[in-house]
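If you want the building blocks of each chain, they are given just below.
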Amino acid sequence: QVQLVESGGGSVQAGGSLRLSCAASGRTFSSYVMGWFRQAPGKERAFVAAISRFKYYADSVRGRFTISRDNANDTVYLQLNSLKPEDTAVYYCAAKTGDVTTRATYDYWGQGTQVTVSS
């Protein structure tokens, strides 16, 4: 079992930055694929980024968002730069074993953190 707790969300103006954190507890963190997804009101949960040995990004965030992980502290981060109003959503941290996927089929999920970007 893995527990995930996100933090770092908030409200910013367009062009601003935020850093999301996801603290994991439970089994061996370094063996998990870690992902970030987001869900805007009325929309399906969508892939944002994932990290295993490599990093993967949705086209809509590539070049603006950066995913990283600190295996010593069981934490994964998502740096959000050049934020746009369309980035407004609840952001979820997720973990899975096996291969990376952009589908929302991860095994473990955090509770989510709200990111609101105003124009």
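Everything numeric here is computed off the predicted structure, so don't read it as measured data.

Rules of the game
- Residues numbered from 1 in each chain as written.
- Predicted model: local features only at pLDDT ≥ 70, side-chain atom pairs only at ≥ 80, totals over all residues.
- Heavy atoms only, no water.
- Phe/Tyr/Trp six-rings, centres within 6.5 Å; stacked < 30°, edge-to-face > 60°.
- Helix = DSSP H or I, 4+ residues; strand = E, 2+ residues; numbered from the N terminus.
- Lys NZ or Arg CZ within 6 Å of the ring centre and 35° of its normal.
- Disulfide = S-S within 2.5 Å.
- Buried < 20%, exposed > 50% of the residue type's maximum accessible area, 1.4 Å probe, protein only.
- Contact = heavy atoms within 4.5 Å.

1. Considerations on the packing of aromatic side chains
In total, this model carries 6 aromatic pairs according to the counting rule given. Measuring from ring centre to ring centre gives 5.2 Å for phenylalanine 37 and tyrosine 106, while their planes differ by 75°; the resulting arrangement is edge-to-face. You can see phenylalanine 37 sitting in strand β4 (residues 33-39) and its partner tyrosine 106 sitting in the loop between β9 (89-96) and β10 (108-109), a full 69 residues away along the chain. Members of the aromatic cluster, each reached through a chain of ring pairs, are Phe37, Phe47, Tyr92, Tyr106 and Trp109. A cation sits over an aromatic face here: arginine 45 above tyrosine 92, 3.7 Å from the ring centre. Over the ring of tryptophan 109 we find arginine 45; its NZ or CZ atom is 4.8 Å from the centre of that ring.

2. Observations regarding the state of the cysteines
Scanning the model with the defined rule gives 1 disulfide in all. For cysteine 22, the disulfide goes to cysteine 93, at an S-S distance of 2.1 Å. Across the S-S bond linking cysteine 22 and cysteine 93, the dihedral sits near -75°, which makes this disulfide left-handed. A residue pair is termed long-range when its members are at least 10 positions apart, and cysteine 22 in strand β3 (residues 18-26) and cysteine 93 in strand β9 qualify at 71 residues. Both residues of the pair, cysteine 22 and cysteine 93, count as buried.

3. Points about the side chain of serine 21
With respect to the helices and strands, serine 21 occurs in strand β3. Given a relative accessible area of 19%, serine 21 falls into the buried group. In this structure serine 21 touches Val5, Glu6, Ser7, Trp36, Thr75, Val76 and Tyr77, once residues within four positions along its chain are discounted.

4. Some details on the environment of threonine 66
Mapped onto the fold, threonine 66 is located in strand β7 (residues 65-70). Each C-alpha atom of the pair threonine 66 and valine 48 lies 9.9 Å from the other, and the pair is 18 residues apart in sequence.

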